Amino acid sequence: MGFQIGGAILDFVVLAILNRDDKYGYLLTQQVREILNVSESSLYPALKRLQKSELLKTYDNQFQGRNRRYYSITPSGKQKLLEYEQEWKQFKTHMDLLLEGGHV
C-alpha cells in the first residue's frame, strides 16, 4: 500500500497485528510494512511509545542461540484497539460517502 500515514494509524495497525498473537520485532516490521509504507526508523519509536503507554509489553526468547524481542498487546492495548476500531468505522463510513459523491 502506498499511503504515508501518521502515528495513530501506525499504532492501530501494530495493535491489530499483535491482537492475533505475539510477534518478534523483524516479523512485526514485515507485517506492518505489508499494510503501511513505514520505515524501521518510524516503527521502533512507535513501539517504544506504545510500550511506555503500557499498551504493549516485551519479553525475550532464545531462537537458534540468539535473543528475539517479542511484543505482546496488554489489556490496556486491547481497550485502545477497540477505541481505534470504532474511530475507523466512523472514518470509513465518511470516506465511503465522500467517494460515492454523497455528503459527509
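Conventions adopted
- Residues numbered from 1 in each chain as written.
- Predicted model: local features only at pLDDT ≥ 70, side-chain atom pairs only at ≥ 80, totals over all residues.
- Heavy atoms only, no water.
- Helix = DSSP H or I, 4+ residues; strand = E, 2+ residues; numbered from the N terminus.
- Buried < 20%, exposed > 50% of the residue type's maximum accessible area, 1.4 Å probe, protein only.
- Contact = heavy atoms within 4.5 Å.
- Pairing = 2+ DSSP bridges.

**Q** Explanation requested: the side chain of Gln31 in the structure shown.
**A** Position of Gln31 relative to the elements: it lies in helix H2 (residues 25-33). Overall, Gln31 belongs to the buried group, its relative accessible area being 18%. Apart from the residues within four sequence positions on either side, Gln31 is in contact with Ile17 and Lys23.

**Q** Quick question: what am I supposed to make of the pairing of strand S2 (residues 56-63) here?
**A** Across 8 bridges, S2 lies against strand S3 (residues 66-73) in antiparallel orientation. Residue pairing for S3: Phe63 is matched across the bridge by Arg66. Hairpin connection, S2 to S3: the antiparallel pair is bridged by 2 residues, and Gln64 has positive phi, about 50°.

**Q** Looking at this structure, I do not really get the sheet that holds strand S1 (residues 23-24). What am I missing?
**A** Each strand in a sheet pairs with its neighbour through backbone hydrogen bonds, running either in the same direction (parallel) or in the opposite one (antiparallel). One open sheet accounts for 3 strands, arranged S1-S3-S2; its pairing is antiparallel. Each edge of the sheet is formed by a strand with only one pairing partner; in this case those strands are S1 and S2. In this structure, S1 lies alongside S3, joined through 2 bridges in antiparallel fashion. Pairing of Lys23 across the sheet is with Tyr71, part of S3.

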